[in-house]
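Coordinate analysis (summary)
So the chains spell out like this:
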Amino acid sequence: MLGVQKNATDEEIKRAYKKLAIKYHPDRNPDNKEAEEKFKEAAEAYDVLHDKQKRAQYDQFGFNAPGGGSGFGGGFGGFGGGMSMDDIFRMMNQAFGGDSDFSGFGFGGGGYGGGRGVNKGSDLRLKVRLTLEEEAKGVTKKFKVKKQCTCTHCNGTGSKDGNTETCPTCHGSGVVTQARRTMFGMMQTQSVCPNCHGEGKIIKNKCPHCAGDGIVQGEEVVEVNIPAGVGDNMVFTVPGKGNAARHGGVPGDIQVLIQEEPHKTFIREDKNLIYNLLLDIPTAVLGGDVEIPTIDGKVRIKIEPGTQPGKVLRLRGKGMPAVQGYGYGNGDQIVNISVYVPQELNKDEKKAFESLKDNENMKPNESIKQKIFNHFRSYFD
């Protein structure tokens, strides 16, 4: 069931079960009976294999462990005879409680583990185009979002008169219990009540505006506070601003996808910004102060005499900030220096360069050649 070898370690067993638990989790597969069965079967297998005593008996006897002829159901203290969804979620909470991979999944909600289920609205997804300057400082954006909203006529209850009745099928529990025979013996399982969909109550006099769902299609202006430091293709969540849930349940979230607009001056690499500085020949030869842009404004930098093309300068802390909670401090601004060689010269300019042509100091020596060669080779290492 878990796809592990007989000699699998405890960590391998747990990792295999985690993969299947995420894949077949009821929150990810609503109203999918096949997925629900696989979710339960994976839990059955994990319950046997993560327990040393149960695993030892399984290794020795297979499905027919001793215990009054009832296999794992009797031999393992009622495993096959009563492992409900409550038991499964309690086991998952012990194994994976606090695990970020289960963020957004319940260890007992959604109709399991806590009796009646709580409806959850679906999530929405927004694409937001930002400039580099907006990403550097953070920005607040407002969007008019088409979404499912709470019905104002019944305040989300779905009932015209506000009255509900206890579900006669599940008697208000929100779940129905069934017994089935598995390879491990008899197993008692719980599933969402098909009559009330896990809510434990039914509405007789439905609201005519929302047809008893408690939600209607509408629009809402949503304000999204985008933190400083976000980058292209980053996704962050705005909780509670997604679609409203049926009958006053928990609203969904909005997933915001950042799309970064190309910048005319800078190239971004994570927290660093790359700026290509093109020097004129006199400044590269003689040195001097040059004004260049940064994301915060303009600064002046010093160019040393004899600066070669390909030289790299680093302005500490002049890059992008880290997103809160994902690191500290700002990145750097990397200045790549190139030298502009004019393509056309007038007579006086041409004469000036010709007068320098045979000057030995104008010719690169072997040391300079090797230094430049090594610098460019580093780009391909």
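Conventions adopted
Starting afresh in each chain, residues are numbered from 1 along the sequence in its written order. Residues qualify for local features only when their pLDDT is at least 70, as the model is predicted, and side-chain atom pairs are given and counted only at 80 or more; totals for whole chains, interfaces and linings, by contrast, use all residues. Values reported for side chains reflect all heavy atoms of the structure, with hydrogen atoms and water molecules removed beforehand. Basic side-chain nitrogens of Lys or Arg form a salt bridge, by our definition, when they fall within 4 Å of a carboxyl oxygen of Asp or Glu. Helix and strand assignments follow DSSP, with helices taken as H or I runs no shorter than four residues and strands as E runs no shorter than two, numbered in order from the N terminus. Throughout, exposure labels follow a simple rule: accessible area from a 1.4 Å probe, protein chains only, divided by the maximum for the residue type, with under 20% read as buried, over 50% as exposed, and the rest as partly exposed. Take the buried residues of types Ala, Val, Leu, Ile, Met, Phe, Trp, Tyr and Cys, join any two whose side-chain atoms come within 4.5 Å, and each joined set is a nonpolar core. Lining residues are those with an atom within 4 Å of a point, where the points come from a 1 Å grid over the protein atoms alone and group into cavities, where a 1.4 Å probe fits but cannot get out, or pockets, open sets with protein on both sides within 12 Å along at least five of seven lines. Grid points are joined across faces, edges and corners, and a volume is the space filled by probe spheres set on the points. We call Asp, Glu, Lys and Arg charged. Ala, Val, Leu, Ile, Met, Phe, Trp, Tyr, Cys and Pro are nonpolar, and the rest, Gly among them, are polar. Axis definition: a line fitted to C-alpha atoms, limited for helices to the stretch in contact. Angles are taken between N-to-C directions and run from 0 to 180 degrees. Here is the rule for angles: anything less than 35 degrees is roughly parallel, anything more than 145 is roughly antiparallel, 65 through 115 is roughly perpendicular, and the remaining ranges are oblique. For any helix crossing, the convention is left-handed if the near helix is rotated counterclockwise from the far helix by under a right angle, and right-handed if that rotation is clockwise. Note on definitions: a residue-residue contact is assigned when non-hydrogen atoms from the two residues lie within 4.5 Å. By definition, two strands form a pair when at least two bridges between them are found by DSSP.

1. A look at the pattern of salt bridges
This structure, assessed with the given rule, holds 17 salt bridges. One salt bridge in this structure joins Lys142 and Glu223, with 3.9 Å as the shortest N-O distance. In this pair, Lys142 sits in strand 2 (residues 139–150) while Glu223 sits in strand 7 (residues 215–226), placing the two residues 81 residues apart along the sequence. Classification of Lys142 by relative accessible area gives exposed; the value is 61%. Here the residues in one salt-bridge network are Glu36, Glu37 and Lys40, joined through shared partners.

2. A word on the nonpolar core
Grouped together as the largest cluster of nonpolar side chains are 22 residues, with contacts concentrated most on Leu2, Ile13, Tyr17, Phe39, Tyr46, Ile88 and Met92. Top element by residues in this core is helix 2 (residues 33–49). It accounts for eight residues. Leu273, Leu277, Val290 and Leu313 belong to the second-largest nonpolar core, a separate cluster that totals 18 residues.

3. Some remarks on the layout of surface pockets
Roughly 780 Å³ of volume is contained in the second largest pocket. Every residue lining the second largest pocket is counted, 22 residues in all, and those nearest its centre are Ile281, Val285, Gln308, Asn361 and Met362. At the level of secondary structure, the elements contributing two or more residues to the lining of the second largest pocket comprise helix 8 (281–286), helix 9 (347–357) and helix 10 (366–377). Counting residues per element, the lining of the second largest pocket draws most heavily on helix 8, at five residues. Here the lining of the second largest pocket is built from residues that sort into 15 nonpolar, five polar and two charged.

4. A closer look at the packing of helix 1 (residues 10–23) against helix 2
Remark: helix 1 packs on helix 2, axes separated minimally by 10 Å, with the N-to-C direction vectors making an angle of 165°. By the criterion of interaxial angle, the relationship of helix 1 to helix 2 is roughly antiparallel. In terms of crossing hand, the pair formed by helix 1 and helix 2 is left-handed. Across the interface between the two elements, Ile13, Lys14, Tyr17, Leu20 and Ala21 from helix 1 touch Phe39, Ala42, Ala43, Tyr46 and Leu49 from helix 2. Of the residues assigned to the contact of helix 1 with helix 2, the class counts are nine nonpolar, no polar and one charged.

5. Remarks on the sheet that holds strand 9 (residues 254–260)
Read across the sheet, three strands follow the order 1-9-8 without closing on themselves; strand pairing throughout is mixed. In this open sheet, the two edge strands, each paired with only one partner strand, are strand 1 (124–130) and strand 8 (235–238). Pairwise comparison of adjacent strand axes, ignoring direction, gives a mean angle of 30° for this sheet. Pairing between strand 8 and strand 9: four bridges, direction antiparallel. When the bridges of strand 9 are listed, Val238 appears paired with Ile254.

Just distances and angles here, no functional claims.
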